[in-house]
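Architecture and fold: a report
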Amino acid sequence: MAVPAQPAAGVQGKAASLAILVVAEVAAMATWFATTASLGAIRAQWDLSPFQEALLTSSVQAGFVTGTLASALLSLADRADLRTLFCTSALIAALANGAILLFEPTHPAVAILRFITGMCMAGVYPVGMKLAATWAKGDLGLLIGMLVAALTLGSASPHAMAALGGLDWRAPVAGAAASALVAAGLIRFAKVGPNHAKAPPLRLSNALDAFRRPALRLANLGYFGHMWELYAMWAWIGAFLAASFAARYGDAPPFDPRLATFAVVAIGAVGALGGGFLADRMGRTFVTALSMTVSGLCAAGIGFLFGASPLVLLPVALVWGVTVISDSAQFSAAVTELSDRSLVGTMLTVQTCVGFLITLVSIHLLPYAVDLLGWRYAFLMLAIGPFLGVLAMMRLRLKPEAASMAGGRR
């Protein structure tokens, strides 16, 4: 096991390292939705069942769950050198995505390669959050918000690549592979901050702290409700917008729905940064509950705008894009503040592991809901998660341990 890097201090070291980390995170996370963004082009050439369509995204989620489970049990994010773990993971993700180009998108090997990509993201996303947390000094929510903003932009970027690449499904896949390769090299120039605790002893039971402690459990339950909605929305909002534009305009929409999808997902970066800024000043439970209330209402109502003018539909979609992610970093910040300092990386990994396991269910259920109910009512099922999440965060607000979050602002 590698020895953790020596922390680097200083404002300049912090600014430069965080800038490098954010760019590397954006670049690496482009691999997540590489095939999802190509779905329209793939459909034009191959017949896909709802299960096959969902598998292009859910195989990544399944890989991520597997990777985070292994990482949590071995406490990798607290015991390994963070930059080496990030670099290795991004490099393998780049190779796995590049290998997809050797197969047709319906070939079973594609799902396996996407699974490997997901496993590698377990060494990128929670590790990046832990690396950002080592620099926190009264601004934890904003720093993790920056990482989630980077994740959001990275997740959105394949949709822009798809639009620029026309009907070639390979364009987002190749672009994401190249992007992850850049991330692998770039992260080596980042430094670890001064808040890097001594590595804990290896105990498989460390991971259970996430559920043993009541306050941690409530923070995680809020996150799980959020995750029920988030990735299913990101995975299917493009299909919804494309179908809505087609219903209104046929084959001649006023602009490419893939660009609209990029805008809806990418604008979440504003939400992640804004949520982090506000949560450090107004409290984690307040910001998460408000975000989930608004995003849940958008999920419940946007289907009724199916086929409506983009002037009406897109503002609602953009508000949903902002609020569906504006709370995400604050669940991670809350877990960071409520955890034993030596187990922060493990607790973040457990949180994301279970959260992404939940996304497997909602991503696969949504296309069946569309077949059964149509787009008008399908997104209603996603509203369940954020509304339950609000209840969990309101209960956490009443816990004495909540005073340790956001400088006492709960």
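Residues numbered from 1 in each chain as written. Predicted model: local features only at pLDDT ≥ 70, side-chain atom pairs only at ≥ 80, totals over all residues. Heavy atoms only, no water.

Points about the packing of helix 16 (residues 328-338) against helix 17 (residues 344-373)
Between helix 16 and helix 17, the shortest axis-to-axis distance is 9 Å and the interhelical angle comes to 140°. One finds that helix 16 runs oblique with respect to helix 17. Note on packing geometry: the crossing formed by helix 16 with helix 17 is right-handed. In this structure, helix 16 contributes Phe331, Ser332, Val335 and Thr336 to the contact, and helix 17 contributes Val344, Met347, Leu348 and Gln351. (Axes fitted to C-alpha atoms, helices over the stretch in contact; angles between N-to-C directions. Helix = DSSP H or I, 4+ residues; strand = E, 2+ residues; numbered from the N terminus. Parallel < 35°, antiparallel > 145°, perpendicular 65-115°, else oblique. Left-handed = near helix turned anticlockwise from the far one by under 90°. Contact = heavy atoms within 4.5 Å.)

Observations concerning the environment of Ala183
Looking at the secondary structure, you find Ala183 in helix 9 (residues 170-186). Separated by 154 residues in the primary sequence, Ala183 and Met29 have C-alpha atoms spaced 9.2 Å apart. The residues contacting Ala183, other than those within four sequence positions of it, are Ala24, Ala27, Ala28, Phe86 and Ala90.

Remarks on the packing of helix 14 (residues 284-301) against helix 19 (residues 384-397)
Helix 19 packs onto helix 14 with a crossing angle of 165° between their chain directions and a minimal axis gap of 8 Å. When the interaxial angle is binned, helix 14 and helix 19 end up roughly antiparallel. By crossing handedness, the relation of helix 14 to helix 19 is classed as left-handed. Along its contact with helix 14, which presents Thr285, Phe286, Thr288, Ala289, Met292, Thr293, Ser295, Gly296 and Leu297, the element helix 19 presents Pro386, Phe387, Gly389, Val390, Met393, Met394, Leu396 and Arg397. Split by residue class, the contact of helix 14 with helix 19 holds 10 nonpolar, six polar and one charged. (Nonpolar A, V, L, I, M, F, W, Y, C, P; charged D, E, K, R; others polar.)

Considering the packing of aromatic side chains
Taken as a whole and assessed by the stated rule, the structure comprises 18 aromatic pairs. Measuring from centroid to centroid gives 5.2 Å for Trp32 and Phe64, while their planes differ by 55°, and the two rings are tilted. Of this pair, Trp32 sits in the loop between helix 1 (11-29) and helix 2 (39-45) while Phe64 is found in helix 3 (residues 50-74), placing the two residues 32 residues apart along the sequence. Judged by its relative accessible area of 0%, Trp32 is buried. Exposure remark for Phe64: the relative accessible area of 0% places this residue in the buried category. Aromatic pair Phe304 and Tyr377: ring centres 5.5 Å apart, planes at 90°, arrangement edge-to-face. Of this pair, Phe304 sits in the loop between helix 14 and helix 15 (310-323) while Tyr377 sits in helix 18 (residues 375-378), placing them 73 residues apart in sequence. Take Phe304: its relative accessible area is 38%, and that puts it in the partly exposed class. Among the residues examined, Tyr377 registers a relative accessible area of 38% and is labelled partly exposed. (Phe/Tyr/Trp six-rings, centres within 6.5 Å; stacked < 30°, edge-to-face > 60°. Buried < 20%, exposed > 50% of the residue type's maximum accessible area, 1.4 Å probe, protein only.)

Describing the nonpolar core
Within the largest apolar cluster, 126 residues are counted, with the highest numbers of intra-cluster contacts made by Trp32, Tyr231, Trp234, Trp236, Trp320, Phe356 and Leu382. Tallying contributions element by element places helix 11 (residues 214-249) first for this core, with 20 residues. (Core = buried A, V, L, I, M, F, W, Y, C linked by side-chain atoms within 4.5 Å.)

Observations concerning helix 6 (residues 108-121)
End to end, helix 6 covers 21 Å across 14 residues, agreeing with the expected 20 Å (1.5 Å per residue, within 8%). Buried within helix 6 we find Ala109, Val110, Leu113, Arg114, Thr117, Gly118, Cys120 and Met121. (Expected span 1.5 Å × (residues − 1).)

Description of the pattern of salt bridges
Pairing between side chains of opposite charge can happen when the charged atoms of each approach one another. Scanning the entire structure with this criterion turns up four salt bridges. In this structure, Arg258 and Asp256 form a salt bridge, with 3.0 Å as the shortest nitrogen-oxygen distance. Judged by its relative accessible area of 23%, Asp256 is partly exposed. What emerges from the salt-bridge pattern is a single network uniting Asp280, Arg284 and Glu337. (Salt bridge = Lys/Arg side-chain N within 4 Å of Asp/Glu carboxyl O.)

As for a nonpolar patch on the surface
A surface patch of nonpolar side chains, about 440 Å² in accessible area, is lined by Phe277, Leu278, Met282, Phe286 and Leu290. At the level of secondary structure, the elements contributing two or more residues to the nonpolar patch comprise helix 13 (268-282) and helix 14. If one sorts the elements of the nonpolar patch by residue count, helix 13 sits on top with three residues. (Patch = residues over 30% accessible without salt bridge, like charges linked within 9 Å, V, L, I, M, F, W, Y side chains within 5 Å. Areas by Shrake-Rupley, 256 points an atom, 1.4 Å probe, with all protein chains shown as cover.)

Section: the side chain of Thr31
Secondary-structure assignment places Thr31 in the loop between helix 1 and helix 2. Side-chain polar atoms of Thr31 contact the backbone oxygen of Ala28, separated by 3.0 Å. (Polar contact = N/O pair within 3.5 Å; in protein donor to acceptor, adjacent residues only side chain to side chain.)

A few points about the environment of Ala219
By the element assignment, Ala219 lies in helix 11. Remark: the alpha-carbon pair of Ala219 and Arg397, spanning 178 residues in sequence, is separated by 9.7 Å. When residues no more than four places from it in sequence are discounted, the contact partners of Ala219 are Phe331, Ala334, Val335, Leu338, Gln351, Met393 and Leu396.

Describing the confidence of the model for the protein
Note: predicted coordinates in regions of low pLDDT should not be interpreted at a detailed level. Mean pLDDT over the protein works out to 84, with 91% of the residues at or above the 70 mark. Between residues 1-11, whose pLDDT stays under 50, and residues either more than four places distant or in other chains, the model counts 26 contacts. (pLDDT = per-residue confidence, 0-100.)

Observations regarding the side chain of Ser71
Here Ser71 is to be found in helix 3. Judged by its relative accessible area of 5%, Ser71 falls in the buried class. Ignoring any residue separated from it by four or fewer positions in sequence, one finds Ser71 in contact with Leu76, Ala77 and Thr349.

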